[in-house]
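Letter by letter, the chains look like this.
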Amino acid sequence: MAVYTNLGAEDLAQLIAEFDVGELTSAKGIAEGVSNSNWLIETTGKDGAGARFILTMYEFRIEVEDLPFFLSLLDHLAAKHCPVPRTIHDRSGALYRMVGDKAVALIEFLPGVSVSHPTPAQARSVGRALAQLHLASADFGQSRENAMGLSESRRLADSCGAEGMAQIDPALAALVKRELPLLEQAWPRDLPRSVIHADLFPDNVLMLGDQVTGLIDFYFACTDLTAYDVAVTHAAWCFDGEGRNFSPAISAALLEGYESLRPLNDVERAALPVLARVAALRFTMSRAYDWLNTPADALVVRKSPMAFARRLEFYADPANAAVFARP
C-alpha cells in the first residue's frame, strides 16, 4: 500500500457516492507498501452508524484485466468463511470503477493489527489460515499466471543491471548472477498447484491476539505451486526485518499450523529449500527495482532489497535445508 496519486476531497466524495455505503466523512492516505495508492475511508454507513473501508487505486504491476480475478477471489474466499475482506460492489454491481485511466476498488475494512514480532502461536495461526485459503480456493473457477515468477526476476535483474545493483550493495549483483540461473534450472514443475496469495507478509495479515482476523492485499494472487506460497510465507515471517536472524520456533510453528489442515507431501517438503530461494530472490529483485525507480515525491517507504538477499543466502546454504525437514 502507498499513495502515488492524490485525489481531492470532492473527487473522493463523488467516488464514494457511487457505492451504497453512506456519505464520505474521512479519507486518510496509507503509506505502507509499494504497488498501489490506498486510503482508509470512513463513511456515515448505510444505517448512519458509520463504516470503514479501504479504497485502492491500482498504479503499477497490476493490470486492469486482472482485477476480476483478484476481486472475485475475495468474494469467493469470504463466502467460504476465510478471514478475507469482501469486495464492495458499486450501485450497478461492478467490482471496480475507473477514475481517469486508473481503476479503483472499495474493499471491506477488517479489524485487527499487523504484528511486527510474531509469536509461535501467531505463526501457527497464520500457517493454518494459509492452508484454509488453499483449500477454499480449490473450486474457484478462475486462474491467473504468476506475473512475479522467475522470468520476472530475470527481467528485473536485467533492468537493474550490475551497475544499479552495485548502488544498493557491492555484493548484490554477484549473488543474483549466481542464484538466478541455478534456480531457473532447479524450479520444480510437477507439484500440486492452486490459487496462492504469493505475498503473505506480516503487514498483509491482521490479528487480534493469536487469532487471524484478516488476510489482505491479494494483488499478487495467482495460480502456481501451492508449496511455493508456503515458502513465500516462510521467508516473510521467519526472519527479523533485516533478514539477519532466523527464528526456528516461528518456522516450526508456521509449518505445523499449515499442516494441521493441509499436510505437505514428501515431494513438496523436499522442494521447499529451492522454493524458498526463489521466493527470496523474487523479493530481492522487486525491491531492488523499486529502490532504484520509486519516484522521489511518492508517499511510500522504500524497502531494502538486502533484507531478502540475506534470506537468499540463508536458504542457499545446504546446512539450513534442515529447517524444512519433517519433524
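Structure: see above.
Figured I'd write up the structure that's included with this text. (Residues numbered from 1 in each chain as written. Predicted model: local features only at pLDDT ≥ 70, side-chain atom pairs only at ≥ 80, totals over all residues. Heavy atoms only, no water.)

**Digging into the packing of aromatic side chains**
Each aromatic ring pair is described using two quantities: the centre-to-centre distance and the angle formed by the ring planes.
For step 1, the next point in the chain: Within the structure shown, the criterion is met by 14 aromatic pairs.
For step 2, the next point in the chain: Aromatic side chains Phe 201 and Phe 283 sit 4.8 Å apart centroid to centroid with 80 degrees between the ring planes, which places their arrangement in the edge-to-face category. Note that Phe 201 is positioned in the loop between strand 7 (193–196) and strand 8 (205–208) and Phe 283 in helix 8 (residues 266–293), a separation of 82 residues in sequence. Phe 283 matches Phe 201 in its accessibility class, with the two residues each being buried.
For step 3, the next point in the chain: Relative to Tyr 315, the ring of Phe 314 lies with its centre 5.6 Å away and its plane at 80 degrees, an arrangement referred to as edge-to-face. (Phe/Tyr/Trp six-rings, centres within 6.5 Å; stacked < 30°, edge-to-face > 60°. Helix = DSSP H or I, 4+ residues; strand = E, 2+ residues; numbered from the N terminus. Buried < 20%, exposed > 50% of the residue type's maximum accessible area, 1.4 Å probe, protein only.)

**Here we look at the pattern of salt bridges**
Between side chains of opposite charge, pairing is possible as soon as their charged atoms come close.
For step 1, the next point in the chain: The full count for this structure, using the stated rule, is 21 salt bridges.
For step 2, the next point in the chain: Through salt bridges with shared partners, a single ionic network connects Arg 178, Glu 179, Arg 277 and Glu 313. (Salt bridge = Lys/Arg side-chain N within 4 Å of Asp/Glu carboxyl O.)

**Section: empty space enclosed by the protein**
For step 1, the next point in the chain: Applying the stated rule across the entire model yields 2 cavities of 30 Å³ or more.
For step 2, the next point in the chain: Roughly 40 Å³ of volume is contained in the largest cavity.
For step 3, the next point in the chain: Forming the boundary of the largest cavity are Asn 146, Met 148, Ala 198, Phe 220, Tyr 228, Val 232 and Arg 282. (1 Å grid on protein atoms, 1.4 Å probe; cavity = no way out; pocket = protein on both sides within 12 Å on 5 of 7 lines; lining within 4 Å. Points joined across faces, edges and corners; volume = space filled by probe spheres on them.)

**Details of helix 6 (residues 226–237)**
For step 1, the next point in the chain: Taking 1.5 Å of rise per residue, the 12 residues of helix 6 would be expected to cover 16 Å, and the 17 Å separating its terminal C-alpha atoms lies within 8% of that figure.
For step 2, the next point in the chain: For helix 6, a buried count of 12 out of 12 residues is recorded, marking the element as mostly surrounded by other parts of the structure. (Expected span 1.5 Å × (residues − 1).)

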